[in-house]
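Understanding the architecture of this molecule
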Amino acid sequence: MSSNAAESFNAWIVDCRSLPITRMVDMLRIKLMNMFVTRRTDSVAAINRSERRIDEFVDYYFHVAAFRKSYEEVIHPIPTSMRLEYENSANFDILPPPTKRQHGRPKKRRIRSRGEQVRMIRCGRCGKLGNHNKKTCKESLV
Ligand SMILES: [Zn+2]
């Protein structure tokens, strides 16, 4: 029973989760794009260091030849694409799926599994041993 991937993802997006949906999607897009750029840069650097051609690592479907081959045949438009016909087309409303939302604000911290060990850490702010750090410290220092 492991949900490490989901937990890692949730930890990665925790600062986005409180945002309105459009800003959340936008921030996730930016996070993903930054990650892809970093990985691509690392990959290109590794390939260059190996003294192999970068073309060897690009799939055939991303080559110009494959793109040209995709469009060498005539693509006919679908004749009914502008006006799709449905039975009872006057009553055709797409409704959202039925959902039951819990009351209150969604929890940000996950519920720990039974028997899960919590590592004790020392807070850099109040100096107490526990499960909080300088950032999450709620001790009031006078
Ligand atoms: Zn503290």
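Here we summarise the structure given alongside this text. (Residues numbered from 1 in each chain as written. Predicted model: local features only at pLDDT ≥ 70, side-chain atom pairs only at ≥ 80, totals over all residues. Heavy atoms only, no water.)

1. Brief notes about the packing of aromatic side chains
- All chains considered together, the criterion is met by three aromatic pairs.
- Note on Y60 and Y61: the rings are 5.5 Å apart at their centroids and 70° apart in plane angle, and the pair reads as edge-to-face.
- For Y60, a relative accessible area of 42% gives the class partly exposed.
- Ring plane angle 55° and centroid distance 5.2 Å describe the contact between F67 and Y71, whose orientation is recorded as tilted. Just as F67 is exposed, Y71 falls in that class too.
- Stacked on the ring of W12, the Lys or Arg K31 has its end atom at 4.9 Å from the ring centre. (Phe/Tyr/Trp six-rings, centres within 6.5 Å; stacked < 30°, edge-to-face > 60°. Buried < 20%, exposed > 50% of the residue type's maximum accessible area, 1.4 Å probe, protein only. Lys NZ or Arg CZ within 6 Å of the ring centre and 35° of its normal.)

2. What to know about the coordination of the zinc ion
- For the zinc ion, the full set of protein donor atoms is C123 (SG), C126 (SG), H132 (NE2) and C137 (SG), and the range of their distances to it is 2.1 to 2.4 Å.
- In this structure, the zinc ion is surrounded by four donor atoms whose angles at the metal cover 103 to 121°, and the resulting shape is tetrahedral.
- Read N to C, the donor residues that coordinate the zinc ion are spaced as C-x2-C-x5-H-x4-C.
- On the accessibility criterion, H132 (18% relative accessible area) is buried. (Donors = N, O, S within 2.8 Å, 3.2 Å for Na, K, Ca; no water. Tetrahedral: all angles 85-135°; square planar, octahedral: opposite > 155°, others 65-115°.)

3. Considerations on the nonpolar core
- Counting residues in each nonpolar core, the largest one holds five residues, listed as I13, C16, L19, M24 and L28.
- Excluding its chain neighbours within four sequence positions, the residues that come into contact with L19 are M24 and M27. (Core = buried A, V, L, I, M, F, W, Y, C linked by side-chain atoms within 4.5 Å. Contact = heavy atoms within 4.5 Å.)

4. Looking at unusual backbone geometry
- Phi at E51 takes a positive value of approximately 60°, unusual for a residue other than glycine.
- Tracing the sequence through the fold places E51 in the loop between α2 (21–49) and α3 (64–70).
- The class for E51 is exposed, based on a relative accessible area of 75%. (Helix = DSSP H or I, 4+ residues; strand = E, 2+ residues; numbered from the N terminus.)

5. Things to note about a nonpolar patch on the surface
- On the surface, V58, Y60, Y61 and F62 cluster together into a nonpolar patch covering about 520 Å² of accessible area.
- Taking relative accessible area as the criterion, F62 reaches 69% and is therefore assigned exposed. (Patch = residues over 30% accessible without salt bridge, like charges linked within 9 Å, V, L, I, M, F, W, Y side chains within 5 Å. Areas by Shrake-Rupley, 256 points an atom, 1.4 Å probe, with all protein chains shown as cover. Salt bridge = Lys/Arg side-chain N within 4 Å of Asp/Glu carboxyl O.)

6. Let's talk about the pattern of salt bridges
- Inspection of every chain in the model, using the stated rule, returns six salt bridges.
- Measuring nitrogen to oxygen at the nearest pair gives 3.1 Å for the salt bridge that ties K128 to E139. Here K128 is found in the loop between β1 (121–122) and β2 (129–130), whereas its partner E139 is found in the segment after β2, with 11 residues between them in sequence.
- Classification of E139 as partly exposed rests on a relative accessible area of 31%.

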